[in-house]
Amino acid sequence: MSEKEIIFLHKEALNIHRIFYNWATLDIFFSSPRKVLRFLKLSFVPTILLIAISFSIYTIFTAENHIFMCYCMAFLGACYQASFKYYIFFIAHRNDFDKLVEYMKMLTKASNLDFANDIRRKQLKKNLRLSLAIAKILIILFNATAVFVTLYGYNLTKCCPVFVKIPPIIIADENPYKNIISICFSIISYFLVVELIIVGDAIFLIIFAHFEGELRALAEVIERLNDAKVAQDDSKEILLFVYESHLNVLANVRIFQKIYWHLNLHLIGTNFLYVCLLLYITRFYDSPMVMYVTTLLLIFQLFLICFLGEILRTRTEAIGEALYHTQWYEMKQSEKLTLLIMMAIGQEAVGLEAGGIMNLSLDTFVSVMKAAVSYGAIMYTFME
């Protein structure tokens, strides 16, 4: 498998991160090492989000009815998630993301074991292709949905009677400051929120793809030790490669875990909020078709994060299990001791947590969705 092909896919994946970073920090227009200018650039996006949040709060209190209020509250939750993602990506953990980028670049380089290189490239190629495809599909779907929400939110089209006009979610109709400038600002801020949310999730998916591919590749390399002859002759080189690679991937997974430790909790909380509100709206009231699509996309976003968290935990556990099933009794005594140490390290499952309160798993997804539907039903009963 060509190393150039892996490097090309890797660059394509990192290109999403590069474009996202350059636009969000305004480096696409100018780059300056001066601290004052950098502070002003980093303050630009938060300022827009803060103004949009202020307008949305005003719109909530001036909404005509509770349905309009639910639309605005759902957007407010999305604003909060976007703001927190911006803080995590570009302020709090910028250096940690740089470390992960360097690690992902390292995975594209060759090691001393030729067969291990082939296995790593095969897994990395498969994962990068899949993650890029899913990321691009999600970005297209979320942006297409955002366009329709904008069109119907501001009554810019009347193309089909089956679509119901949704209320303006940022600038209220009766707001004295509503004019063409404020409408343009609200549209820009809305798309800014959407991009921060979905591109942030795309970057999460790409980073995860590298970890999952490396862990799967290590498990496949360890399987070579199931052969008695390989265990006798080549176990030292294989165990050394697995030991170094495993420690390296675990160290970077823990960085990944630290970055998303708080973010996952805020993501689950905000997803619960606007999924609950949108389920309430779409279930009990006439809503535009685009809101049904939005609800499904948001549910899928939560499902994807929880599903990937469970996969990561499973992959880290699989290393210890793979070592256990090797022909260890064919190895030398020193190599057996090394294997025992590696098994002890591999027995610890490392997954993604949400603020230390819960682990990301399919059980978490089910629990959150059950709670969202239940609270949506309670809201309907209370409002009626």
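Bear in mind the structure is a predicted one, so any value in this text is a computation, not a measurement.

## Some words on the overall build of the protein chain
Item 1. Helix and strand content of the protein chain: 11 helices and two strands.
Item 2. Secondary structure of the protein chain in N-to-C order comes out as α-α-α-α-α-α-α-α-α-α-β-β-α.
Item 3. Within the protein chain, the proportion of its 384 residues that are buried is 51%.
Item 4. The contacts of the protein chain with a sequence gap of at least 6 include a subset with a gap of at least 24, amounting to 81%.
Item 5. Entry remark: accessible area of the protein chain is about 18600 Å², with carbon and sulfur atoms responsible for 65%.

## A short note on empty space enclosed by the protein
Item 1. Per the counting criterion, the structure on display carries seven cavities of 30 Å³ or more.
Item 2. Taken together, 20 residues form the lining of the largest cavity, with A78, Y190, V194, T294 and L298 sitting closest to its centre.
Item 3. For the lining of the largest cavity, the secondary structure elements donating two or more residues are α3 (66-92), α5 (114-153), α6 (180-222), α8 (235-284) and α9 (289-324).
Item 4. Here the residues of the lining of the largest cavity are counted per class, giving 18 nonpolar, two polar and no charged.

## Comments concerning the packing of aromatic side chains
Item 1. The final tally for this structure, using the stated rule, is 20 aromatic pairs.
Item 2. Taking 6.0 Å as the distance between ring centres and 85° as the angle between the ring planes, the aromatic pair formed by F20 and F89 counts as edge-to-face. Taken together, the residues F20 in helix α1 (residues 3-24) and F89 in helix α3 connect sequence positions 69 residues apart.
Item 3. On the basis of relative accessibility, which here comes to 9%, the residue F20 falls in the buried class.
Item 4. Between the aromatic rings of Y86 and F90, the centroid separation amounts to 4.9 Å while the plane-to-plane angle is 50°, which identifies the pairing as tilted. Taken together, the residues Y86 and F90, both in helix α3 and four residues apart, mark about one turn of the helix. We note that Y86, like F90, is buried.

## Thoughts on the UniProt feature "transmembrane region" (unreviewed entry) in the protein chain
Item 1. As annotated by UniProt and renumbered to match this structure, "transmembrane region" (unreviewed entry) occupies residues 39-60, 66-89, 130-154, 180-208, 263-283 and 289-309.
Item 2. The span residues 39-60 carries 100% helix and 0% strand; its end-to-end C-alpha distance comes to 31 Å.

## Things to note about the packing of helix α2 (residues 35-61) against α3
Item 1. Where α2 meets α3, the closest approach of the two axes is 9 Å, and the angle between their N-to-C directions is 165°. On the basis of their axis angle, the class for α2 and α3 is roughly antiparallel. Here the hand of the crossing between α2 and α3 comes out left-handed. Here R38, K41, L42, V45, P46, L49, I53, S56, I57, T59 and I60 of α2 lie close against α3, whose contacting residues are M69, C72, M73, F75, L76, C79, A82, S83, Y86 and F90.
Item 2. Considering only residue class, the contact of α2 with α3 consists of 16 nonpolar, three polar and two charged.

## Looking at the layout of surface pockets
Item 1. A volume near 460 Å³ is recorded for the largest pocket.
Item 2. Surrounding the largest pocket, 19 residues form its lining, I19, F20, W23, A24 and E195 being those nearest its centre.
Item 3. Those elements that provide at least two residues to the lining of the largest pocket are α1, α2, α5 and α6.
Item 4. At seven residues, α1 tops the list of elements feeding residues into the lining of the largest pocket.

## A few points about the pattern of salt bridges
Item 1. In total, this model carries nine salt bridges according to the counting rule given.
Item 2. The salt bridge involving K85 is made with D201; its shortest N-O contact spans 2.6 Å. Of this pair, K85 sits in helix α3 while D201 sits in helix α6, and the two are 116 residues apart along the sequence. Each member of the pair K85 and D201 is classed as buried.
Item 3. Taking the shortest distance from any N to any O, the salt bridge between R216 and E212 comes out at 2.8 Å.

## Comments concerning α2
Item 1. Taking 1.5 Å of rise per residue, the 27 residues of α2 would be expected to cover 39 Å, and the 39 Å separating its terminal C-alpha atoms lies within 8% of that figure.
Item 2. The set of residues buried in α2 consists of K41, L42, V45, I48, L49, A52, I53, S56, T59 and I60.

## Some words on a nonpolar patch on the surface
Item 1. Judged by side-chain polarity, I19, W23, I28, F29, F30, V36, L37, F39 and L40 come together as a nonpolar surface patch covering roughly 930 Å² of accessible area.
Item 2. Mapped by element, the contributors of at least two residues to the nonpolar patch are α1 and α2.
Item 3. With four residues, α2 is the single largest residue contributor to the nonpolar patch.
Item 4. Following the sequence through the fold, F30 ends up in the loop between α1 and α2.
Item 5. Residue F30 is classed as partly exposed on the basis of its relative accessible area of 40%.

## Concerning the side chain of N22
Item 1. Mapped onto the fold, N22 is located in helix α1.
Item 2. The exposure class of N22 is buried, given its relative accessible area of 18%.
Item 3. Contacts of N22, omitting those with residues within four sequence positions, involve D27 and I28.

About the cut-offs
Residues numbered from 1 in each chain as written. Predicted model: local features only at pLDDT ≥ 70, side-chain atom pairs only at ≥ 80, totals over all residues. Heavy atoms only, no water. Helix = DSSP H or I, 4+ residues; strand = E, 2+ residues; numbered from the N terminus. Buried < 20%, exposed > 50% of the residue type's maximum accessible area, 1.4 Å probe, protein only. Contact = heavy atoms within 4.5 Å. Areas by Shrake-Rupley, 256 points an atom, 1.4 Å probe, with all protein chains shown as cover. 1 Å grid on protein atoms, 1.4 Å probe; cavity = no way out; pocket = protein on both sides within 12 Å on 5 of 7 lines; lining within 4 Å. Points joined across faces, edges and corners; volume = space filled by probe spheres on them. Nonpolar A, V, L, I, M, F, W, Y, C, P; charged D, E, K, R; others polar. Phe/Tyr/Trp six-rings, centres within 6.5 Å; stacked < 30°, edge-to-face > 60°. UniProt positions renumbered as here; feature names shortened; annotations may be inferred. Axes fitted to C-alpha atoms, helices over the stretch in contact; angles between N-to-C directions. Parallel < 35°, antiparallel > 145°, perpendicular 65-115°, else oblique. Left-handed = near helix turned anticlockwise from the far one by under 90°. Salt bridge = Lys/Arg side-chain N within 4 Å of Asp/Glu carboxyl O. Expected span 1.5 Å × (residues − 1). Patch = residues over 30% accessible without salt bridge, like charges linked within 9 Å, V, L, I, M, F, W, Y side chains within 5 Å.

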